[in-house]
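Okay, here's what each chain looks like letter by letter:
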Amino acid sequence: MFGRAAAAALLVLLTLLTGCASDGQRGAQPPTAPGSPPEPSPTAPAPGTDPAVPPTNRPTTPSPTKTPKRSPGSGGKSGPLNTKRVTGVKAVALTFDDGPHPVWTPKVLDQLRAAKVKATFCLVGTQVRRHPELVARIVREGHSLCNHSWQHDLELGKKSEAEIRANLERTNREIRRIIPDAKIPYYRQPGGKWTASVTKISRELGMTPLHWDVDPRDWDKPSAGTIRTRVVDHARAGSIVLLHDGGGDRTNTVAACPGIIAALKSKYGIARLK
Ligand SMILES: [Zn+2]
C-alpha cells in the first residue's frame, strides 16, 4: 500500500516537474523571439530604385543581373507601386529616355525606321523645348510618347502634389505646342523613383506610370557589346527595355541598338506601347 502510494505521489511529482520544465523551455524560446530575422521594412526602397545614386541624370535601378525573375509571357506583372513593367503580350517594347537629343535621337530613329519597328520615347520637357523638330519626327514616324518630367527631377515624387501636377502638365503642354493632338499615354518617373503621389497624379492626367523590366545600365557607359548582351540575355516575352537617347554620350547605346533590335525582333517581335 505504502509503496504504491509513494509511487503514485512520485509519478504526480514527476509529471508536475516535467510540465514545468516544458513550459520553461517554451518560455525561453518564444516564437516571437527578439532574435528572429526582422520583417522587410515597409519603407525599404522598392525594386528598381537606388537611393544612393546621386541626383544626376541617371536612372536608379538594380544591376541587370538582379532583374526580378518572372515567368515568360506573364503579362500584367507590375513594377514598383503598381507601375507597368511588361507589355502584356509576347512582343517586347523598347523605350528611350532623356531625349530628344540632336545627336542621338536621329540615329536611333534611323535604326528603328530601317528595322521597321516602333518604340516609345520618354521625353524631358526642357529637351522638347530645345528640339521640337525631333518631337515632330518621333510622332510622324509612329512612335509612342511618354512624359519624363520637365527637367528630369529625380526627387519630383517627394514634392507637393501641386508641384508634381504642374511639372507633368508643363511637359505635356510643351509637347502639344508642337503636336496639338499628341497622345501621351505614359509617364516615367526619372530614376524610377516612384512615389504614391507621382503615380496618382500621372494616372489622373491620363498617363500610365511606365516602369521597365530590363535595364542594361547604358548610362553607366558599358561597352556596346555589354549593353547588347545585357538586354538580349535578360529580355523575356513581354519585356520593357530601358535605353537612353539623351542625358549623356550615347555612342555605345546607339552602337548596341542594331544587335538588340535584330535579336529581340526575331525572338519576340518588337511593338510600341499603345
Ligand atoms: Zn531619365
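What counts, and at which threshold
- Residues numbered from 1 in each chain as written.
- Predicted model: local features only at pLDDT ≥ 70, side-chain atom pairs only at ≥ 80, totals over all residues.
- Heavy atoms only, no water.
- Helix = DSSP H or I, 4+ residues; strand = E, 2+ residues; numbered from the N terminus.
- Expected span 1.5 Å × (residues − 1).
- Buried < 20%, exposed > 50% of the residue type's maximum accessible area, 1.4 Å probe, protein only.
- Contact = heavy atoms within 4.5 Å.
- Arc of directions from axis to C-beta.
- Donors = N, O, S within 2.8 Å, 3.2 Å for Na, K, Ca; no water.
- Pairing = 2+ DSSP bridges.
- Axes fitted to C-alpha atoms, helices over the stretch in contact; angles between N-to-C directions.
- Core = buried A, V, L, I, M, F, W, Y, C linked by side-chain atoms within 4.5 Å.

An unreviewed UniProt entry lists the chain under the name Polysaccharide deacetylase family protein, from Micromonospora sonneratiae.

Asks: When you look at helix α8 (residues 251-267) in this model, what are you seeing that I'm missing?
Replies: Along an α-helix, residues three or four positions apart point the same way, because every turn accommodates 3.6 residues. Taking 1.5 Å of rise per residue, 17 residues should cover 24 Å, and α8 covers 25 Å from first to last C-alpha, within 8% of that figure. Within the span of α8, buried status applies to Thr253, Val254, Ala256, Cys257, Ile260, Ile261 and Leu264. Summarising the contacts, the buried residues of α8 are in contact with β1 (93-99), α2 (104-115), α7 (224-234) and β6 (240-244). The positive-phi residue at the C-terminal boundary of α8 is Gly269, with phi of around 90°.

Asks: Can you help me understand α7 in this one?
Replies: For α7, every residue scored as buried is listed here: Ala224, Ile227 and Val231. Along α7, the residues classed as buried sweep out an arc of 65° about the axis, all on the same side. Elements that come into contact with the buried residues of α7 comprise β6 and α8.

Asks: Honestly, the coordination of the zinc ion in this entry has me stumped. Any pointers?
Replies: Ideal values differ by geometry: the angle at a metal is 109.5 degrees with four tetrahedral donors, but 90 or 180 degrees with six octahedral donors. Distances from the zinc ion to its protein donors, Asp98 (OD), His148 (NE2) and His152 (NE2), fall at 2.1 Å. All donors of the zinc ion come from a single chain, and their spacing in sequence reads D-x49-H-x3-H. Of the residues examined, His148 reaches a relative accessible area of 2% and is grouped as buried. For His152, a relative accessible area of 12% gives the class buried.

Asks: I keep staring at the sheet that holds strand β5 (residues 208-209) and nothing clicks. Help me out?
Replies: Working definition: the strands of a sheet are paired by backbone hydrogen bonds and lie parallel or antiparallel to each other. On the basis of which strands lie adjacent, the open sheet formed by six strands has the order β5-β4-β3-β2-β1-β6 and parallel pairing. In this open sheet, the two strands that pair with only one neighbour each are β5 and β6. In this structure, strand β4 (residues 186-187) lies alongside β5, joined through two bridges in parallel fashion. Bridging from a neighbouring strand, Tyr186 pairs with Thr208 of β5. Set on the sheet, helix α5 (residues 161-178) makes contact with β2 (120-123), β3 (144-147) and β4; between it and β3 the angle comes to about 145°. Helix-sheet contacts for α8 involve β1 and β6, and the interaxial angle to β6 is about 160°.

Asks: I keep staring at the nonpolar core and nothing clicks. Help me out?
Replies: In a soluble, globular protein the nonpolar side chains are often hidden away together inside. In terms of nonpolar packing, the biggest core is built from 45 residues, with Leu94, Phe96, Leu112, Phe121, Leu243 and Leu264 touching the most fellow members. Here this core takes six residues from α8, the largest share from any one element. Setting aside anything within four residues of it in sequence, one finds Leu243 in contact with Leu94, Thr95, Phe96, Asp97, Pro216, Asp218, Ile227, Val231, Thr253, Cys257 and Ile260. Counting nine residues, the second largest nonpolar core, distinct from the first, contains Cys122, Cys146, Tyr186 and Ile240.

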